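# Understanding the architecture of this molecule
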Amino acid sequence: KEHYKVLVLGGGTGGIAMSARMKRKLGAENVAVVETSEMHYYQPIWTLVGAGVKSAASSGRPTASVIPPGVKWVKSNVREIDPDTNTVRTDNGMEISYQYLIVALGLQLHYEKIKGLPEIDDWEEFKIGSNYSVLTVEKTWRALQNFKEGNAIFSFPNTPVKCAGAPQKIMYLTDAYLRKTGKRATANVMYNTSLPVLFGIKKYADALWEIVKNRDIQVNLRHNLVEVRANKQEAVFENLDNPGETEVFEYEMLHVTPPMGPNPVIKGSSLADEGGWLDVNKETLQHNKYPNVFGIGDCTNLPTAKTAAAVAAQSSILDRTISKVLKNEMPDTKYDGYTSCPLVTSYSKVILAEFDYSGQPLETFPIDQSKERWTMYHMKADVMPHLYWHGLLKGFWGGPGPIRKIMHLGMK
Ligand code: FAD
Ligand code: UQ1
């Protein structure tokens, strides 16, 4: 039986960032991370992969290359967490005990909950794509290229999602692509969302409504994708305001955002809240029942939008919380719910949404970020990847809080 002072579950964004920070604090030999995947992906770039701007290959690096040197990589799946005995069991039969546990297992995609959705190998034939997985993101670009005329439909499920802007970013890119290739006049671009709003934060929603109006995009609220009849190229949406009632749309291209849910390993443990998400304190990220357990990222029940930008801000808070706990002191730094979503609205423009728990904008730059800007597109496409691989994953980037303070000096 192996034992580590700090055991990290999940080697995604939050898990690697925290492994780097814990190595710096405690030494590499005291830290282990459990992750089964050979590859680590920078998911935010998939928006641009689906639109043909970047390659899928550019989004991934070997997991071995992102685990901080000296930190132990347990290459297996977490099967069971037992916080009462401080033990984790893995699929390859290991039992690992820990003094402190950091849970960063992400969320689960549920493509299988959409009835009739074909095997991925057949998606090209049936003109389906999805930016949400590395296996399907290139199918989006194929569907875009193969588009002739008809409906381009973009779905948003009736569950919490990661990066809530992504389901519509690819729609704006599709609209732009169809204009560029002269196909827009015979295309109907349609956003069928389960939500009652276009975006959760009013300032940005107002800007987006203006854009969909100007670009002749049709928005159908409270429409939930429940079935795909691929051989007829039909998508079936449930009317959430009138359960049981469905509407069938023909499509020439369908972008699927799958239903999402909590990680099953967490859901099946005493670490979960009633919804199955990791139950953490929303200010300190310490578990609400087990004080030696901490959480970060998409797997948690933190009431903010699930993004890598949020993980960045959470990583510096959690670093500080753990420092205090190690010294038997009370955690003092408080997470404000900071999250960000670069809303790509064309091949050269981004609205940079940033907000916190209050649902109010919390913008880094002293300009109106609800305006479409080229500078923000450049940041999303060319700066963020470096900030991710060399800043966030190395434990050096803890979110833009300090930059925001400098930018707003003397302005507030
Ligand atoms: P993840 O990075 O998903 O990591 C979870 C890890 O846990 C994975 O490596 C997985 O293999 C592992 N795991 C799961 N179960 C087990 C198990 N049982 N045992 C062992 N390991 C396990 N964020 C932004 O900030 N800006 C954006 O513009 C943006 N755009 C996005 C666009 C798309 C299309 C997508 C899909 C996401 C986007 N995001 C964006 C969201 C961002 O990628 C995630 O919020 C972020 O990666 C969450 O990090 P995490 O560590 O919580 O989860
Ligand atoms: C961010 O920190 C981050 O994580 C590295 C992202 O994920 C890719 C983002 O999309 C954004 C917008 C931020 C916030 C950073 C700044 C400079 C506003």
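Below: a short report on this structure. (Residues numbered from 1 in each chain as written. Chains lettered and ligands numbered in written order. Predicted model: local features only at pLDDT ≥ 70, side-chain atom pairs only at ≥ 80, totals over all residues. Heavy atoms only, no water.)

## Some thoughts on the overall build of the protein chain
Selection rule: Under the scheme used here, helices are H or I runs from DSSP no shorter than 4 residues and strands are E runs no shorter than 2 residues, and both carry numbers assigned from the N terminus. To get the radius of gyration, use the C-alpha atoms; to get the globule rule, take the number of residues to the power 0.38 and multiply by 2.2 Å. When a residue's accessible area, from a 1.4 Å probe over protein chains only, is under 20% of the maximum for its type it is buried; when over 50% it is exposed; and in between it is partly exposed. Note on contacts: a residue pair qualifies if any of its non-hydrogen atoms lie within 4.5 Å across the two residues.
A tally of regular secondary structure across the protein chain gives 10 helices and 21 strands. For 412 residues, the compact-globule formula gives about 22 Å, and the C-alpha radius of gyration of the protein chain, at 21 Å, lands near that figure. When its C-alpha atoms are laid out on the principal axes, the protein chain stretches across 65 × 55 × 40 Å. Within the protein chain, the proportion of its 412 residues that are buried is 58%. At a minimum sequence separation of 6, the contacts of the protein chain that also span at least 24 residues come to 65%.

## Quick look at the site of ligand 1
Keep this limit in mind: Here a residue counts as near a molecule or strand whenever at least one of its heavy atoms sits within 4 Å of it. The Shrake-Rupley method, run with a 1.4 Å probe sphere, supplies the accessible areas, and residue values consider only the shown protein chains as cover. Each residue is assigned to one of three groups, with Ala, Val, Leu, Ile, Met, Phe, Trp, Tyr, Cys and Pro labelled nonpolar, Asp, Glu, Lys and Arg labelled charged, and all others, Gly among them, labelled polar.
Not every one of the 33 residues close to ligand 1 is listed here, only the nearest: T13, G14, E35, V78 and A309. Burial of ligand 1 by the protein chains amounts to 90% of its free accessible area of 1,000 Å². Only helix 1 (13-26), helix 5 (166-180) and helix 8 (308-326) provide two or more residues apiece to the shell around ligand 1. At 3 residues, the largest contribution of residues to the shell around ligand 1 is made by helix 8. Its residues assigned to classes, the shell around ligand 1 shows 13 nonpolar, 14 polar and 6 charged.

## Things to note about the side chain of H408
Worth spelling out the cut-off: Under the rule applied, a polar contact is a pair of N or O atoms within 3.5 Å (in protein, one hydrogen donor and one hydrogen acceptor; residues adjacent in sequence only if both atoms are side-chain atoms).
With respect to the secondary-structure elements, H408 resides in the segment after helix 10 (401-407). Of the polar contacts made by the side chain of H408, one reaches the backbone oxygen of R404; its length is 2.8 Å. When near neighbours in sequence (up to four residues on either side) are disregarded, H408 contacts E363, T364, F365 and P366.

## Some thoughts on helix 9 (residues 374-392)
The line we're drawing: What a helix should span is 1.5 Å times the count of its residues minus one. Throughout, the bend at a residue refers to the angle made by two axes, fitted to the seven residues ending there and to the seven starting there.
In a regular helix each residue adds 1.5 Å, so 19 residues correspond to 27 Å; helix 9 covers only 24 Å between its end C-alpha atoms and thus falls short of that length. Along its length, helix 9 reaches its greatest deviation from straightness, about 45 degrees, at V383, and the proline P385 lies no more than four positions downstream. For helix 9, the set of buried residues is M376, Y377, M379, K380, A381, P385, Y388, W389, G391 and L392.

## Things to note about the site of ligand 2
If you check the shell around ligand 2, you find 14 residues, and the closest are Y42, S340, P342, M384 and W397. Between ligand 2 and W397, the relevant distance is 2.8 Å, taken from an oxygen atom to a side-chain nitrogen or oxygen of the residue. Taken by itself ligand 2 offers 440 Å² of open surface, and the protein chains cover 96% of this. Counting residues per element, the ones that place at least two in the shell around ligand 2 are helix 8, strand 20 (339-344), strand 21 (350-355) and helix 9.

## Topic: a negative patch on the surface
Convention followed: What goes into a patch is any residue over 30% in relative accessible area without a salt bridge, connected to like charges within 9 Å or, for nonpolar side chains (Val, Leu, Ile, Met, Phe, Trp, Tyr), within 5 Å. Whenever a carboxyl oxygen of Asp or Glu lies within 4 Å of a side-chain nitrogen of Lys or Arg, that contact is scored as a salt bridge. The convention is simple: Lys and Arg are positive, Asp and Glu are negative, and His and the chain ends are not counted. The atoms used to mark charge sites are NZ of Lys, CZ of Arg, CG of Asp and CD of Glu.
Taken together, the side chains of E119, D121, D122 and E125 present a region of like negative charge at the surface. Locating E119 in the fold gives a position in the loop between strand 9 (108-109) and strand 10 (128-129). Exposure remark for E119: the relative accessible area of 61% places this residue in the exposed category.

## Focus: the pattern of salt bridges
One pass over the structure, following the stated rule, counts 26 salt bridges. Residue E252 pairs with K127 through a salt bridge whose shortest N-O separation is 3.4 Å. Taken together, the residues span a long stretch of sequence, with E252 in the loop between strand 16 (246-250) and strand 17 (253-255) and K127 in the loop between strand 9 and strand 10 at a distance of 125 residues. In this structure, K232 and E234 form a salt bridge, with 4.0 Å as the shortest nitrogen-oxygen distance. Taking relative accessible area as the criterion, K232 reaches 51% and is therefore assigned exposed. Put simply, K115, E227, R229, K232 and E234 are held in one network by salt bridges that share partners.

## Observations concerning the nonpolar core
Note the cut-off: Put simply, buried Ala, Val, Leu, Ile, Met, Phe, Trp, Tyr and Cys residues joined by side-chain atoms within 4.5 Å make one nonpolar core.
Counting 130 residues, the largest nonpolar core has L9, I102, V103 and F199 as the members making the most contacts within it. The dominant element in this core, judged by the number of residues it contributes, is helix 8, at 8 residues. If near-sequence neighbours (up to four positions away) are discounted, I102 is found in contact with V6, L7, V8, L9, M18, M22, F294, I296, L318 and I322.

## Considering the sheet that holds strand 14 (residues 223-229)
Pairing between the strands of a sheet is mediated by backbone hydrogen bonds and can be parallel or antiparallel. Put simply, the rule is: Here a strand pair is declared whenever DSSP counts at least two bridges between the two strands. Under this scheme, a helix contributes an axis fitted over its contacting stretch, all axes are lines through C-alpha atoms, and angles between N-to-C directions fall in the 0 to 180 degree range.
With antiparallel pairing, the 3 strands of this open sheet are ordered in space as 14-15-16. The sheet terminates laterally at strand 14 and strand 16, the two strands that pair on one side only. Neighbour to neighbour, the strand axes of the sheet diverge by 30 degrees on average, direction disregarded. When strand 15 (residues 234-239) meets strand 16, the two strands line up antiparallel, connected through 5 bridges. Paired with V236 across the bridge in strand 16 is V248.

## Comments concerning the packing of helix 1 against helix 8
Note the threshold: Each crossing gets its hand from how the near helix is turned against the far one by less than a right angle, where anticlockwise is left-handed and clockwise is right-handed.
One can describe the packing of helix 1 onto helix 8 by two numbers: an axis separation of 10 Å at closest approach and a directional angle of 30 degrees. Seen from above, helix 1 lies across helix 8 with right-handed handedness. Facing T13, G14, A17, M18, R21, M22, K25 and L26 of helix 1, the residues of helix 8 in contact are A308, V311, S315, S316, L318, D319, I322, S323 and L326. Counted by class, the contact of helix 1 with helix 8 contains 9 nonpolar, 5 polar and 3 charged residues.

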